[in-house]
Amino acid sequence: MGRDKKQNPFAARKRQKRANGGGGPDRRAEPYQEITRDNAAFIKYYNIQQICATEEEWTQFLSTIRENLPTTFRVTGFKGEAKALLNIIKTELFTEYVRAVAELNGQPAEQVQRPLCLPWYPNGMAYQLHLTRKDIRRSEPLCRLHNFLIVETTAGSISRQEAVSMIPPIVLDVKPTDKVLDMCAAPGSKTAQLIEALHSEPEVHKIPPGFVLANDVDNNRCYMLVHQAKRLNSPCFLVTNHDSTFFPNMLQTNADGSKSIVKFDKILCDVPCSGDGTLRKNPDIWMKWNLAQGYNLHGLQYRIAYRGAEMLEVGGRLVYSTCSLNPIENEAVLQRIIKDADGALELVDAAHMVPGLKFKPGMTHWKLATKEVDTIYNNFEEVPETYHTIIRPTMFPLPPAEIAQIGLEKCIRVLPHLQDSGGFFVAVIEKRRKLSTEKDNVRELLEKPTQAEPKLDESGKPIEEKSVPWGPQRKRRRLHGYKEDPYVFFAEGDADYKSMKEFYELDDSLNERCLLTRCVTEKKKNVYYCSDAIRDLVQLNEHNIKIINTGVKAFVRCENRHTVHPYRLAQEGLQTTNAFIGNSRRIEVQRDDLILLLNCTDPTKPPSTLELKEATQERCKELGVGSCILKYVDPNFTLFVVGWRGTSSLRAYVDSDETVHILRLLGADLRKFEVNKYEKAKEAAAAAAAAAATTSSASPDETNVADKTSEPTPMDTTDPEEATPTTS
Ligand SMILES: C[S@@+](CC[C@H](N)C(=O)[O-])C[C@H]1O[C@@H](n2cnc3c(N)ncnc32)[C@H](O)[C@@H]1O
């Protein structure tokens, strides 16, 4: 066979287009035009696949995918105050929602449809609003609702996430003891759900024994992942940056001190896909969609999921998901994996875990076609040779007798019209025995060089060194993105730890070797904490895989002339450290005191202890200057907030979003914190107009002074009468 025949015709056409001066005219400067929600190839392709049972249903499908997607959010379940927040949402927030929607639509409040509780999401914690993202962002009456969503998302109390995207973590069924791998994790909405599930039994596990390892091949997207997960402050979480198709085996220490290869109990493969299930959220896909995307992704999707299956524990569970409706990216990938695994993997039915979810079973018949869907292929023999590098035999359904053994009907296909959602595909696989391709050579891994322990001086203090880049030099291909600072764990007998232990009366069960810094230096700045399992993973594997982030900030160096102890507590880590801290640095406060402390937003004017309740004042007298924990007990929840006892003051040490979150739980007046961006924009416009009026009436000399200090803008050449002040 000649080389030319093997060339990818789609890629050749793309190259030709580029050679002719790019892929079409640059429209960036043209005025915005509403996207035409149509694509003949898309409609033809899914029509021939018969994804809907009747003509009537097909019409309903086509009409729904052309509509914008409603907004959904879920409450972070594991937090102690989740129920209290849910109650506030169902009462105050939804009352405000009804008022705002009535105002927006000019209709009576009684006619406004209340938000819908997603029936299949556990404990009634997820809601769908009858509003799109754009509605919420751009409508002044919805400003308070928008503020609520932003603040509570940043505080980690809710997550705005597409409804269907919540399904894979639910059916993965993560328990606090599980070792969990999220292979294609960024930006991390599902990862957040996995972390929540890991922490779902705080009364049983102070720190869950399991962990979530979230990985993504894209270095930049890994930081989105860090940002997303940081809100949840889990010490059992690790972010890595690697290609999942050849994700390396990782080492772990067993209870008897020996080493073995990590096998994960739960693996999520939310693989890259053509994304045509998200047409309602991302309408620009209408213009870009073509069948070549699915063909190009099939191999990558298979390799990621197959590597996942190799790393899965026998008896473990792997969830494969895409936001695509295309059987080439879904059923074809799964039939290939199940077939290649030769009985080691089994598709299982998980519908009972999402009761009330409307979906269709996986497909067992599908057809392939050319990119333009002008020629249909029923089997590989019909495919012309020029397409053999694109359309592969494994993409066709197996013969009926074989495909019946695969169990594809157990897959979950969510179509947008079934419950006014996006489109999605989910399959659950369980591992019955090892795969024949698994290579678990512990000795080979142990023989690889590991990172050196930090050098210590005679007194056991680390010798100051410059921060070193990640591990030994590797192949160029892997040296992408930023170099990460090292992970420097405390050695036993660390002098800083001794003083922390004394000052905060830390419990012996807190493992000091799980404290770490990100720089080899004597004067530690931020001190992080991670679980034993994560520490073990980092130390044994950092030479083998790029670790982007781990640990929650637990202590921060904070020295001034009054401080007795150089480290304050960090609110981020309090969820973890609280359980290990003794009584000497605790103050129980009443509601009014906490509201007073949180309302103080000027750090230069902390509340005087004299403004507080008498009991609080008495306790403050007993407490020396420094960091402390403020505890508030409500009949429905208990709050812990980092505080600072000054010489004559007491203040809360939390960021602004968490402040609003706590004040909301306390039922306090939030008006001081409410930002109305529309009002602000109007004020800014008025100020700009006033400034412009002053400038135009100023003397020529004054105008010249202004000109020298500012860049010329198009406004300078515009008639002031015509100019519209910008308000962005
Ligand atoms: C569908 S998105 C994942 C969405 C994510 N699970 C969530 O819920 O937010 C697919 C991700 O796979 C990543 N990816 C693509 N190829 C990969 C590979 N070979 N290994 C690991 N990640 C990959 C992409 O960078 C992208 O972030």
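Residues numbered from 1 in each chain as written. Predicted model: local features only at pLDDT ≥ 70, side-chain atom pairs only at ≥ 80, totals over all residues.

Re the overall build of the chain
From N to C terminus, the chain includes 23 helices and 27 strands. The burial tally for the chain puts 39% of its 728 residues in the buried class. Of the contacts made within the chain by residues no fewer than 6 positions apart, 74% connect residues no fewer than 24 positions apart. (Helix = DSSP H or I, 4+ residues; strand = E, 2+ residues; numbered from the N terminus. Buried ≥ 20, exposed ≤ 12 C-beta atoms within 10 Å, placed from the backbone. Contact = placed C-beta atoms within 7 Å.)

Brief notes about the UniProt feature "domain: SAM-dependent MTase RsmB/NOP-type" (unreviewed entry) in the chain
Here the UniProt-annotated "domain: SAM-dependent MTase RsmB/NOP-type" (unreviewed entry) positions come out as residues 61-432. The span residues 61-432 is 33% helix and 21% strand, and its two end C-alpha atoms sit 38 Å from each other. (UniProt positions renumbered as here; feature names shortened; annotations may be inferred.)

Let's talk about the site of the ligand
Near the ligand there are 19 residues, and of these Cys 184, Lys 190, Val 217, Ser 244 and Asp 270 occur at the shortest range. In terms of residue class, the shell around the ligand is made up of eight nonpolar, five polar and six charged. (Near = placed C-beta within 6 Å. Nonpolar A, V, L, I, M, F, W, Y, C, P; charged D, E, K, R; others polar.)

Considerations on the nonpolar core
Counting residues in hydrophobic clusters, the biggest one holds 173 residues, and the most contacted among them are Val 212 and Cys 269. Here the element with the most residues in this core is helix 11 (residues 291-311); it accounts for eight residues. (Core = buried A, V, L, I, M, F, W, Y, C linked by C-beta atoms within 7 Å.)

Quick word on the confidence of the model for the chain
When pLDDT is averaged along the chain, the result is 88; 87% of the residues meet or exceed 70. Segment residues 1-6: pLDDT under 50, and four contacts once partners within four positions in sequence are set aside and those in other chains are kept. In the model, residues 699-728 has pLDDT below 50 throughout and makes 13 contacts with residues more than four positions away in sequence or in other chains. Prediction confidence for the complex, expressed as pTM and ipTM, is 0.87 and 1.00 respectively. (pLDDT = per-residue confidence, 0-100.)

Here we look at unusual backbone geometry
The omega torsion across Ala 186 and Pro 187 is 5 degrees, close enough to zero to call that bond cis. Examined against the element boundaries, Pro 187 turns out to sit in the loop between strand 5 (179-182) and helix 8 (189-198). In the Ramachandran plot, Val 373 falls in the positive-phi region, its phi being about 60 degrees despite a non-glycine side chain. Counting through the fold element by element, Val 373 comes out in the loop between strand 14 (368-369) and strand 15 (376-377).

Focus on the sheet that holds strand 25 (residues 626-633)
Strand order in the open sheet formed by four strands is 24-25-26-27, with mixed pairing between adjacent strands. Edge positions in the sheet fall to strand 24 (586-588) and strand 27 (650-652), since each has one partner strand and no second. Neighbour to neighbour, the strand axes of the sheet diverge by 35 degrees on average, direction disregarded. Here strand 26 (residues 638-645) runs beside strand 27; their pairing, made up of three bridges, is antiparallel. Following the sheet pairing, Gly 643 is matched in strand 27 by Ala 652. (Pairing = 2+ DSSP bridges. Axes fitted to C-alpha atoms, helices over the stretch in contact; angles between N-to-C directions.)

Considerations on the pairing of strand 21 (residues 546-550)
A large share of strand 21 lies buried, amounting to five of its five residues. Examined bridge by bridge, strand 7 (residues 237-241) and strand 21 share four bridges and lie antiparallel to one another. Each bridged residue has a counterpart across the sheet, and for Leu 238 the counterpart in strand 21 is Thr 550.

Topic: the sheet that holds strand 22 (residues 552-557)
What holds strands together in a sheet is hydrogen bonding between their backbones, with the strands either parallel or antiparallel. Pairing within the open sheet is antiparallel, and its five strands lie in the order 18-19-20-22-23. At either end of the open sheet lies a strand with only one pairing partner, and these are strand 18 (488-489) and strand 23 (567-569). Relative to strand 23, strand 22 runs antiparallel, the two sharing three bridges. Paired with Phe 555 across the bridge in strand 23 is Leu 569.

Describing helix 17 (residues 532-541)
Helical periodicity: at 3.6 residues per turn, an α-helix aligns residues three or four positions apart in one direction. Among the ten residues that make up helix 17, seven are buried, leaving the element largely enclosed by the rest of the structure. Listed in full, the buried residues belonging to helix 17 are Ala 533, Ile 534, Arg 535, Asp 536, Leu 537, Val 538 and Asn 541.

Focus on the pairing of strand 6 (residues 211-215)
The buried count for strand 6 comes to five of five residues, which makes it a mostly enclosed element. On strand 6, burial covers both faces: Phe 211, Leu 213 and Asn 215 on one face and Val 212 and Ala 214 on the other are all buried. Where strand 5 and strand 6 come together, four bridges link them in parallel fashion. Its bridge partner lying in strand 6, Val 180 is registered against Val 212. Running through helix 8, the crossover from strand 5 to the neighbouring parallel element strand 6 is right-handed. Where strand 6 lies against strand 7, four bridges are found, and the strand directions are parallel. By the bridge assignment for strand 7, Asn 215 is matched with Thr 240. Traced from strand 6 through helix 9 (residues 219-230) to strand 7, the parallel crossover comes out right-handed. (Right-handed = clockwise from strand over helix to strand, strands pointing away.)

Some details on the UniProt feature "active site" (unreviewed entry) in the chain
According to UniProt, the feature "active site" (unreviewed entry) maps to Cys 323 in the numbering used here. By secondary structure assignment, the location of Cys 323 is in the loop between strand 11 (312-322) and helix 12 (331-341). What makes Cys 323 buried here is the crowd of 24 C-beta atoms within 10 Å. Not counting the four nearest positions on each side in its chain, Cys 323 is found in contact with Cys 273, Gly 275, Gly 277, Thr 278, Gly 422, Gly 423 and Phe 424.

Observations regarding the packing of helix 4 (residues 82-105) against helix 6 (residues 143-154)
Relative to each other, helix 4 and helix 6 sit at 145 degrees, their axes nearing to 9 Å. Where helix 4 abuts helix 6, its residues Leu 93, Glu 96, Tyr 97 and Ala 100 lie against Arg 144, Leu 145 and Phe 148. When grouped by side-chain class, the residues that make up the contact of helix 4 with helix 6 number five nonpolar, no polar and two charged.

Some remarks on helix 21 (residues 656-665)
For helix 21, the buried fraction is high: seven of the ten residues fall into the buried class. Buried residues of helix 21: Glu 658, Thr 659, Val 660, His 661, Ile 662, Arg 664 and Leu 665, and no others. Where helix 21 is buried, its residues meet helix 4, helix 6, helix 18 (571-577), helix 19 (591-599) and strand 26. Looking at the residues trailing helix 21, positive phi occurs at Gly 667, about 70 degrees.

Focus: the environment of Val 174
Here Val 174 shows up in the loop between helix 7 (167-172) and strand 5. With 25 C-beta atoms counted inside 10 Å, the residue Val 174 sits in the buried group. Taking the C-alpha atoms as reference, Val 174 lies 9.5 Å from Ile 267; in sequence the two are 93 residues apart. Aside from chain neighbours lying at most four places away, what touches Val 174 is Pro 169, Val 180, Leu 194, Ala 197, Leu 198 and Lys 266.

Comments concerning the packing of helix 11 against helix 12
Taken N-terminus to C-terminus, the directions of helix 11 and helix 12 make an angle of 40 degrees; their axes are 10 Å apart at the nearest point. In terms of their interaxial angle, helix 11 and helix 12 are classed as oblique. Between helix 11 and helix 12 the crossing geometry is right-handed. Between helix 11 and helix 12, the contacting residues are His 298, Gln 301, Tyr 302, Ala 305, Tyr 306 and Ala 309 on the first element and Ala 332, Val 333, Arg 336, Ile 337, Asp 340 and Ala 341 on the second. Considered class by class, the residues forming the contact of helix 11 with helix 12 number eight nonpolar, two polar and two charged. (Parallel < 35°, antiparallel > 145°, perpendicular 65-115°, else oblique. Left-handed = near helix turned anticlockwise from the far one by under 90°.)

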